[in-house]
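A structural walkthrough
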Amino acid sequence: MKPSTKAFLWLWIISLLAWNPSFSQNKKDKTPSKIELHENLRQGNYVHDAIIREDIQNILKRYGNEKWMEIVRQHFLEEINTARTKINSPAMKIDIVLNQIAQEHAQDMADNNYFDHEDSQGRHVWDRANEAGYEYSAISENIANDKTIEGVISGFVHSKMGGHERILSSEFKNIWIGIQTYQDNNKKSDTYFVLDFSSPIK
């Protein structure tokens with residue numbers, strides 16, 4: 001057999017293997033699918049790490065108006081409770097009934113262009129809770145404006161006003177998280193965060 005004929009035969013055999021379904025499947029199996037990669041990321045908690053570092057505006061764009069806020073709250077709470085676990089403080093839970101109080105304060109700051117614990121009606125967190133008929137033995141508040149969850153947490157950690165202590169305090173059992181995106185006078189996007197902590201009277 002001539003060399004050119006041998007070369008042609010080998011090329012023909014290789015082309016058959018390449019088109020063989022079982023060969024193609026074996027080759028495909030060596031490369032993880034997008035779903036498999038996603039599951040691997042979740043197992044490494046990379047999804048959470050990515051979300052807490054992501055610009056809130058991007059989370060809003062990706063998940064839409066109906067889901068983005070709940071996703072931010074979920075990962076914010078997970079980050080806080082991870083820190084609390086390390087010092088043996090019990091995990092906090094989101095107070096569904098009073099979450100609206102924190103949200104209304106975040107919205108009020110965005111609508112009226114201010115950053116303060118005292119709202120546009122001159123009320124503090126305890127006033128807003130009292131008006132809602134909420135009974136508590138302890139109540140407090142953190143506020144922040146930043147682009148990411150990680151940035152907010154970092155700001156509280158380095159705060160000289162007790163922001164970090166409130167997050168870690170075993171005195172508080174419940175948390176309310178208000179989140180509102182806004183644009184400043186220079187059209188720069190940012191987000192207001194309102195974290196209200198309480199120990200409710202059952």
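These figures come from a predicted structure and were not determined experimentally. (Residues numbered from 1 in each chain as written. Predicted model: local features only at pLDDT ≥ 70, side-chain atom pairs only at ≥ 80, totals over all residues. Heavy atoms only, no water.)

**Quick notes on the overall build of the protein**
Secondary structure summary: the protein contains 10 helices and four strands in total. Along the protein, from the amino end to the carboxyl end, the secondary structure elements read α-α-α-α-α-α-β-α-α-β-α-α-β-β. Buried positions account for 38% of the 202 residues belonging to the protein. At a minimum sequence separation of 6, the contacts of the protein that also span at least 24 residues come to 68%. Carbon and sulfur atoms form 53% of the exposed surface of the protein, whose accessible area is close to 12,900 Å². (Helix = DSSP H or I, 4+ residues; strand = E, 2+ residues; numbered from the N terminus. Buried < 20%, exposed > 50% of the residue type's maximum accessible area, 1.4 Å probe, protein only. Contact = heavy atoms within 4.5 Å. Areas by Shrake-Rupley, 256 points an atom, 1.4 Å probe, with all protein chains shown as cover.)

**With respect to the sheet that holds strand β4 (residues 189-200)**
Here four strands make up an open sheet; going across it, the order is β1-β3-β4-β2 and the pairing mixed. Each edge of the open sheet is held by one strand with a lone partner, namely β1 (93-94) and β2 (136-146). Relative to strand β3 (residues 174-183), β1 is paired through two bridges, and the arrangement is parallel. For Ile94, the partnering residue across the bridge sits in β3 and is Ile175. Across the sheet, helix α6 (residues 68-86) touches β1, β3 and β4, and the angle it forms with β3 is around 130°. Against the sheet, helix α7 (residues 99-112) touches β1, β2, β3 and β4, its axis set at about 25° to β3. (Pairing = 2+ DSSP bridges. Axes fitted to C-alpha atoms, helices over the stretch in contact; angles between N-to-C directions.)

**Re the packing of helix α4 (residues 46-53) against α6**
Contact pair α4 / α6: the axes reach a minimum separation of 10 Å and the direction vectors enclose 110°. Considering their axes alone, α4 and α6 lie roughly perpendicular with respect to each other. Mapping the contact onto sequence places His48, Ile51 and Ile52 in α4 and Ile71, His75, Glu78 and Glu79 in α6. (Parallel < 35°, antiparallel > 145°, perpendicular 65-115°, else oblique.)

**A short note on the confidence of the model for the protein**
Here the protein shows a mean pLDDT of 78. Residues at 70 or above account for 75%. Scored below 50 in pLDDT, residues 11-43 makes 10 contacts in the model with residues more than four places away or belonging to other chains. (pLDDT = per-residue confidence, 0-100.)

**With respect to the pairing of β4**
Summarising burial for β4: 10 of the 12 residues are buried, a large majority. In the sheet, β2 pairs with β4 via 10 bridges, with the strands oriented antiparallel. Residue pairing in the sheet places Ser140 in a bridge with Phe197 of β4. Sheet analysis places β3 next to β4, joined by 10 bridges and oriented antiparallel. For Thr181, the partnering residue across the bridge sits in β4 and is Thr191.

**What to know about unusual backbone geometry**
You will see that Asn88, though not glycine, has its phi angle at about 65°, which is positive. Counting through the fold element by element, Asn88 comes out in the loop between α6 and β1. Look at Asn113: it is not a glycine, yet its phi comes out positive at around 55°. By the secondary structure assignment, Asn113 is in the loop between α7 and α8 (125-131). Looking at Asn113, the relative accessible area reads 53%, which means it is exposed.

**Side note on the pattern of salt bridges**
For the structure shown, the criterion picks out six salt bridges. Ionic pairing is found between Arg62 and Glu54, a salt bridge with its closest N-O pair at 2.8 Å. (Salt bridge = Lys/Arg side-chain N within 4 Å of Asp/Glu carboxyl O.)

**Points about helix α5 (residues 56-63)**
By the burial criterion, the buried members of α5 are Ile56, Gln57, Ile59 and Leu60. Taken around the axis of α5, the buried residues stretch over an arc of 160°, which confines them to a single face. For α5, the secondary structure elements touched by its buried residues are α4, α6, α9 (149-157), β3 and β4. The distance from a side-chain oxygen at the start of α5 to the backbone nitrogen of Gln57 is 2.8 Å, and the residue carrying that oxygen is Asp55. (Arc of directions from axis to C-beta. Polar contact = N/O pair within 3.5 Å; in protein donor to acceptor, adjacent residues only side chain to side chain.)

**Concerning α4**
By the burial criterion, the buried members of α4 are His48, Ile51 and Ile52. Taken end-on, α4 shows its buried residues confined to a sector of 95°, consistent with a single buried face. Residues of α4 that are buried in the fold lie against α5, α6 and α9.

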